[in-house]
Amino acid sequence: MVEGITGFTALYIFMLAAFTGYEIISRVPVLLHTPLMSGSNFVHGIVVVGAMIALGSADGFVEQLIGFVAVVLAAGNAAGGYVVTERTLEMFKKSKGGDK
Amino acid sequence: MFINICYFLTAILFILGLKKMSSPTTAAGGIRWAGYGMILATIVTFFHGHISGHESAVTNYILIFLALGIGGGLSWYSGKKVKTTDLPQMIALYNGMGGGAAAAIAAVELLKMGTIKDSLKPAKEAMGEIAKTDIGKQLIEQSQAAIDHAISGEHLTLGLLGAFIGTIAFSGSIIAWAKLDGRMKKTFEIPKQNLFNLGLFIATILFGILSFYTLSPIALFFFFGLALVFGVTVTTPIGGADMPVIISLFNALTGLAVAFEGFVLGNAAMIIAGTVVGSAGSLLTQLMAKAMNRSLANVLFSGFGTEGGEGAHTSETGGEMKAIDAEDVGVMMAYAEQVIIVPGYGMAVAQAQHKVWELSKLLIDRGVDVKFAIHPVAGRMPGHMNVLLAEAGVPYDVIYDMEDINAEFTNSQVALVIGANDVVNPSAKNDPTSDIYGMPILDVEDSDNVIVIKRGRGVGFSGIENPLFFGDKTKMLFGDGQAMAGELIQAIKQL
């Protein structure tokens, strides 16, 4: 079922990724909190990959149904997260240009 | 191999993208990098062996395309159309979708594991008498051992844990969305809420343990169902003012759920991206809770802002609200040396931010020093007010955070409070009985005059009375934010 990542390897990945996330955010100005929250919201949209695998390997109606729901939701997460983040950042760009 | 290299690249793009997003000048590029990563990961997943090698690959491919189109299309459209004032609830909604997706993945994988666990049953029956011979027993034992090895305990545990967290984030985020969107006005609090939640939590865990050992669909059904209800009952008692903290928390939880399901699927991109979001989100949640001077536990279990103002505070302050008209305020501001504008969510609801910036520009042209003061929790989520002001074209060098601006109020003649309420409520400083006692506020009362633009005499979003409105220095300019800003512009132009 699963190849490669087991036990302590996973634990190390968890730990390193957790520190990475912490470091990235720790020096962010309040100004960017909304786009950042939206941006991180977009990043966990990577769940779409898992949802595709779940649906793609589904056997039978029930699994297909749940898998289908998973992909719809995950695609919604990714697309919505991206559009909202881009829009908010676009506004910051505009307001910077308006500064005379 | 090729797919894994692409996932690896995606993880790098995500981390670099988020890193770039932490500075205003590179932020727009950052989200694009993350976007490329997402597209790359999505495309290569079509070639994943589990999908292309499946017996009903064609049907499943069609279903995948259909689902991607529906989910992606709807969100793309709604994300483009949403008003900036409504951003927080949309973020909550998209986040909930991610949590739901993680939970659904878990459901599929757990059902699969259940099927595998039971896969020896038909073989055993077919073997009939042979199953009872020594060779038969050995065969079955060895097969079962191989199966149990495939369904490892760690995968099961993390799968169930991710399912639990993802489901809570899903139903909780939907409640948060409904509250912020004004679809759910009331905060429901059933008697002994915390005890009830605790009971529900324990029941969910018990079904989780049952699922762990049996993997029966019925146990899984109850496990998911109870977790769904738990997410709802945890969120409903939380007042509107605390929603940003909750959205941020659910964002972090979804990240974790994604990471756990990534482990179940053996997908490093999901593990890394999910964990990064999980830890970054936890930090962000803490920062927000700290800005409101409250612990996360306090936010979750105290049911803050559930009652609409106690009224008693009004009589304690004793005074009357003193009204003023726009002409007088116009004169006051035009001849001031420094004016500090304190915007709140109410300003954005009235769509007044453009007029307010127009007003500010007029004042700046007259030589007045205009500054915008932003409380950490102004708006409906941290940084929300910055977005709203940016939309109106306000440059960010006139926008100040609370720590930087609070000392400036003593040097300013006018503090113009527009659509803000709790963030300037002095009760937070000097009334220990107040719900918001201890929350840092903007010290508008240090300036010579406080002008409050307010639609009516009611209480704010959190439902707490504000003694500032009755203060000696305070004058109330009653009316719609946009209309009043317009009148102020006229008043100053006529000078």
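All of these numbers come straight from a predicted model, not from anything done at the bench. (Residues numbered from 1 in each chain as written. Chains lettered and ligands numbered in written order. Predicted model: local features only at pLDDT ≥ 70, side-chain atom pairs only at ≥ 80, totals over all residues. Heavy atoms only, no water.)

**Examining the interface of chain A and chain B**
Cut-off, in case you're wondering: When checking whether two residues touch, look at their non-hydrogen atoms; a contact exists if any pair is within 4.5 Å. Defined in terms of a 1.4 Å probe, buried area is the accessible area two parts forfeit on being brought together, summed over both. Each reported salt bridge corresponds to a side-chain nitrogen of Lys or Arg within 4 Å of a carboxyl oxygen of Asp or Glu. Identification of polar contacts relies on pairs of N or O atoms within 3.5 Å, with a donor-acceptor requirement for protein atoms, meaning one able to donate a hydrogen and the other able to accept it, and with residues adjacent in sequence counted only if both atoms are side-chain atoms. A run of H or I in DSSP becomes a helix once it reaches four residues, and a run of E becomes a strand once it reaches two; helices and strands are each numbered from the N terminus. Note on residue classes: Ala, Val, Leu, Ile, Met, Phe, Trp, Tyr, Cys and Pro are nonpolar, Asp, Glu, Lys and Arg are charged, and everything else, Gly too, is polar.
Each side of the interface is counted separately: chain A has 83 residues, and chain B has 112 residues. At the boundary of chain A with chain B, total buried surface from both sides reaches about 8,700 Å², with 77% on carbon and sulfur atoms. At the boundary of chain A with chain B, the tally comes to three salt bridges. Counting the contacts that link chain A with chain B gives 22 residue pairs in polar contact (both at pLDDT 80 or more). Elements represented by at least two residues in the side of chain A that touches chain B include exactly helix H1 (7-26), helix H2 (33-43), helix H3 (47-56) and helix H4 (60-97) of chain A. A per-element tally of the side of chain A that touches chain B places H4(A) first, with 33 residues. Residue composition of the side of chain A that touches chain B, by class: 48 nonpolar, 25 polar and ten charged.

**Observations concerning the domain arrangement of chain B**
Residues and elements named next belong to chain B. Threshold: Each domain's limits were defined by an automated method or a database of domain assignments.
Split into domains, chain B comes out as domain 1 (82-301) and domain 2 (326-493). Centre-to-centre separation of domain 1 and domain 2, based on C-alpha positions: 42 Å. Counting from both sides, the interface comprises 14 residues of domain 1 and, opposite them, 19 residues of domain 2. The contact between domain 1 and domain 2 buries some 1,400 Å² in all, and 72% of this surface belongs to carbon and sulfur atoms. The largest per-residue losses of area from domain 1 upon contact with domain 2 belong to Thr 84, Thr 85 and Ala 291, which jointly make up 35% of the total buried on that side. In this structure, the connection of domain 1 to domain 2 is made through zero salt bridges. Across the contact surface, domain 1 and domain 2 share three residue pairs in polar contact (both at pLDDT 80 or more). Sorting elements by how many residues they give to the side of domain 1 that touches domain 2 places helix H5 (residues 87-117) first, with three residues. Taken together, the residues of the side of domain 1 that touches domain 2 break down into nine nonpolar, four polar and one charged.

**Remarks on the environment of Thr42(B)**
In this fold, Thr42(B) is placed in helix H2 (residues 27-45). Between the C-alpha atoms of Thr42(B) and Thr85(B), which are 43 residues apart in sequence, the distance is 31 Å. Not counting residues up to four positions away in its chain, the partners in contact with Thr42(B) are Val48(A), Val49(A), Met52(A) and Leu68(B).

**Concerning the pattern of salt bridges**
Heads up, the condition is: Throughout, exposure labels follow a simple rule: accessible area from a 1.4 Å probe, protein chains only, divided by the maximum for the residue type, with under 20% read as buried, over 50% as exposed, and the rest as partly exposed.
Inspection of the entire model under this criterion finds eight salt bridges over all chains. The shortest N-O distance in the salt bridge between Arg32(B) and Glu86(A) comes to 3.9 Å. Placement of the pair is Arg32(B) in helix H2 and Glu86(A) in helix H4, with the two residues belonging to separate chains. Assessed through its relative accessible area of 27%, Arg32(B) is described here as partly exposed. The closest approach of N and O atoms between Lys371(B) and Asp369(B), which form a salt bridge, is 3.9 Å. Of the residues examined, Lys371(B) reaches a relative accessible area of 10% and is grouped as buried.

**Focus: the sheet that holds strand S4 (residues 414-418) of chain B**
Residues and elements named next belong to chain B. Quick reminder of the rule: Whether two strands pair depends on DSSP finding at least two bridges between them. Between N-to-C directions, angles span 0 to 180 degrees; the directions come from axes that are lines fitted to C-alpha atoms, helices contributing only their stretch in contact.
Judged by pairing direction, the sheet is parallel, and its six strands sit side by side in the order S3-S2-S1-S4-S5-S6 without closing on themselves. Looking along the sheet, the strands with just one partner apiece sit at the ends: strand S3 (399-401) and strand S6 (474-478). Taken over all neighbouring pairs, the strand axes of this sheet differ in orientation by 25 degrees on average, direction set aside. In terms of strand pairing, strand S1 (residues 338-343) meets strand S2 (residues 369-374) through four bridges, oriented parallel. When the sheet's bridge partners are listed, Ile 340 is paired in S2 with Lys 371.

**Comments concerning unusual backbone geometry**
Residues and elements named next belong to chain B. One non-glycine residue, Leu 215, adopts positive backbone phi at about 55 degrees. Residue placement: Leu 215 occurs in the loop between helix H9 (193-214) and helix H10 (217-235). We classify Leu 215 as buried; its relative accessible area is 5%. With a phi close to 55 degrees, Gln 351 is a non-glycine residue in the positive phi region. Relative to the helices and strands, Gln 351 resides in the loop between helix H16 (345-349) and helix H17 (353-365).

**Comments concerning a nonpolar patch on the surface**
Residue and element names in this part refer to chain B. Applicable threshold: Surface patches are drawn from residues lacking salt bridges whose relative accessible area is over 30%; two like charges belong together within 9 Å, two nonpolar side chains (Val, Leu, Ile, Met, Phe, Trp, Tyr) within 5 Å. The accessible surface values rely on the Shrake-Rupley method and a 1.4 Å probe; as for residues, cover is taken only from the protein chains in view.
A surface patch of nonpolar side chains, about 1,200 Å² in accessible area, is lined by Met 1, Ile 5, Phe 8, Leu 9, Ile 12, Leu 16, Trp 33, Tyr 36, Ile 39, Ile 43 and Phe 47. Within the residue set of the nonpolar patch, elements represented by two or more residues are helix H1 (2-20) and H2. A total of five residues in the nonpolar patch trace back to one element, the largest contributor, which is H1. Note that Ile 39 resides in helix H2.

**Section: the pairing of strand S5 (residues 449-454) of chain B**
Each regular strand displays side chains that alternate between the two surfaces of the sheet. Residue and element names in this part refer to chain B. The buried count for S5 comes to five of six residues, which makes it a mostly enclosed element. As judged from the five bridges shared by S4 and S5, these two strands associate in the parallel manner. The residue bridging Ala 415 from the neighbouring strand is Val 450, located in S5. Bridging between S5 and S6 involves five bridges; their strand directions are parallel. From the neighbouring strand, Val 452 faces S6, where its bridge partner is Met 476.

**Quick look at the nonpolar core**
Operational definition: Working definition of a nonpolar core: buried Ala, Val, Leu, Ile, Met, Phe, Trp, Tyr and Cys residues. They are joined through side-chain atoms within 4.5 Å.
By size, the foremost hydrophobic cluster in this structure holds 129 residues, and its most contacted members are Phe42(A), Ile46(A), Leu110(B) and Phe224(B). There are two domains that each give this core at least three residues, and those are domain 1 (82-301) and domain 2 (326-493) of chain B. The contacts of Ile46(A), once residues within four sequence positions are left out, are Thr10(B), Phe14(B), Met38(B), Ala41(B), Val258(B), Ala269(B), Met270(B) and Ala273(B). Judged by nonpolar contacts, the second largest core, of 39 residues, contains Ala326(B), Ile341(B), Trp357(B) and Ala378(B).

**Notes on the packing of H1(B) against helix H12 (residues 268-291) of chain B**
All names here are of chain B. The criterion, for reference: Comment on the angle field: the value is read as roughly parallel under 35 degrees, roughly antiparallel over 145, roughly perpendicular from 65 to 115, and oblique elsewhere. When the near helix sits turned anticlockwise from the far one by under a right angle, the crossing is termed left-handed; a clockwise turn instead gives a right-handed crossing.
Two elements in contact, H1 and H12, have axes whose closest approach is 9 Å; the angle formed by their N-to-C orientations is 15 degrees. Here H1 lies roughly parallel to H12, going by the angle between them. For the crossing formed where H1 meets H12, the hand is right-handed. When H1 is examined against H12, the residues Tyr 7, Ala 11, Phe 14, Ile 15 and Leu 18 are found in contact with a partner set consisting of Ala 269, Ile 272, Ala 273 and Val 276. In terms of residue class, the contact of H1 with H12 is made up of nine nonpolar, no polar and no charged.

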